Amino acid sequence: MTPSPAPALTRYRTLIVEGHEGHGRTRLVAELADLGFEVRRLPSALHHLDPALPCRELLAGPGRLAVDGNLIAELVHGPLCRGRSRVTWIQALDLADAVAERDGAMLHLTTPEVTEAATAYARVFRTLAQHVPVVTLDVGEPGGPVHGPAALSSQLWCESVQLPIG
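Everything in this summary refers to the structure shown in the same document. The structure presented is a predicted model; accordingly, all values stated were derived computationally and were not measured.

What follows concerns the side chain of R25. Within the secondary structure, R25 sits in helix α1 (residues 23–34). According to the relative accessible area criterion, R25 is buried, its value standing at 3%. If we skip the residues at most four places from it in the chain, R25 touches V17, E18, G19, H20, R41, D68, G69, L109 and V139.

Dropping the structure here:
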């Protein structure tokens, strides 16, 4: 079993968890809580006027914070499911900037499965990586074992270090 990447994530004060849902995500979020991050989950329904408002409110608070998010998920799945996103690129980039200002990173959770959504997430995180560190973690397949390694990227997507989860 490979070591958890969670201890390596303690260098950040803020983490926004986005991407693959499932057992690997649940385990990672629990590990972050064990490491002293206050774990908060964004409401499943987006704010009708400003989808980023709940996240910005959380980021305004003190301490170490891990947000189990859904804002980037809407940016990806909105166009795939409804033909448009309720989250704009400006809102996503503002969030990325706010996370970076709070000494944070975006966690992009992936699986080996190649889907239209996985391709869209990769495109979104390549863009966000120009504004905030993006850590990509392979959390395995739904119901299957957790796989590693995955890439850690600090400002540019192409700069990587191996960071397994397991």
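Now, onward.
What follows covers the side chain of R102. Relative to the helices and strands, R102 resides in the loop between α4 (89–101) and β4 (104–110). One buried charged residue, R102, forms no salt bridge at all, with the nearest opposite charge on E38 at 7.1 Å. Within the local environment of R102, its side chain forms a polar contact with the backbone oxygen of L59, the two atoms lying 2.8 Å apart. There is a polar contact of 2.9 Å between the side chain of R102 and the backbone oxygen of G63.

This part takes up α4. In a regular helix each residue adds 1.5 Å, so 13 residues correspond to 18 Å; α4 covers 18 Å between its end C-alpha atoms and thus fits that length. Among all positions of α4, only Q91, A92, L95, A96 and V99 are buried. Looking straight down α4, one finds its buried side chains confined to an arc of 140 degrees; they lie on one side. For α4, exposure combined with an orientation more than 90 degrees from the buried face picks out I90 and E101. Check the buried side of α4 and you find it contacts β1 (14–19), α2 (53–59), α3 (71–82), β4 and α5 (116–128).

This part takes up α1. With 12 residues, α1 should reach 16 Å at 1.5 Å per residue; the first-to-last C-alpha distance of 17 Å fits that figure. Here α1 has its buried residues at G24, R25, L28, V29, E31 and L32. Each buried residue of α1 sits inside an arc of 160 degrees when the element is viewed along its axis, so together they form one side. For α1, the exposed residues lying more than 90 degrees away from the buried face are H23, T26 and D34. Buried residues along α1 sit in contact with β1, β2 (38–41), β3 (65–68), β4 and β5 (134–138). One or two positions beyond α1, positive phi appears at G36, with a value near 100 degrees.

By the alternation rule, side chains of β3 split into L65 and V67 and A66 and D68, which are all buried. Pairing between β1 and β3: four bridges, direction parallel. The residue of β3 that forms the bridge with I16 is V67. Pairing of β2 with β3, which is carried by four bridges, proceeds in the parallel orientation. The partner of E38 across the bridge, within β3, is L65. You can see the chain leave β2, run along α2 and come back into β3, and the turn it takes is right-handed.

What counts, and where the lines are drawn
- Residues numbered from 1 in each chain as written.
- Predicted model: local features only at pLDDT ≥ 70, side-chain atom pairs only at ≥ 80, totals over all residues.
- Heavy atoms only, no water.
- Helix = DSSP H or I, 4+ residues; strand = E, 2+ residues; numbered from the N terminus.
- Buried < 20%, exposed > 50% of the residue type's maximum accessible area, 1.4 Å probe, protein only.
- Contact = heavy atoms within 4.5 Å.
- Lys, Arg positive; Asp, Glu negative; His and termini not counted.
- Salt bridge = Lys/Arg side-chain N within 4 Å of Asp/Glu carboxyl O.
- Polar contact = N/O pair within 3.5 Å; in protein donor to acceptor, adjacent residues only side chain to side chain.
- Expected span 1.5 Å × (residues − 1).
- Arc of directions from axis to C-beta.
- Pairing = 2+ DSSP bridges.
- Right-handed = clockwise from strand over helix to strand, strands pointing away.

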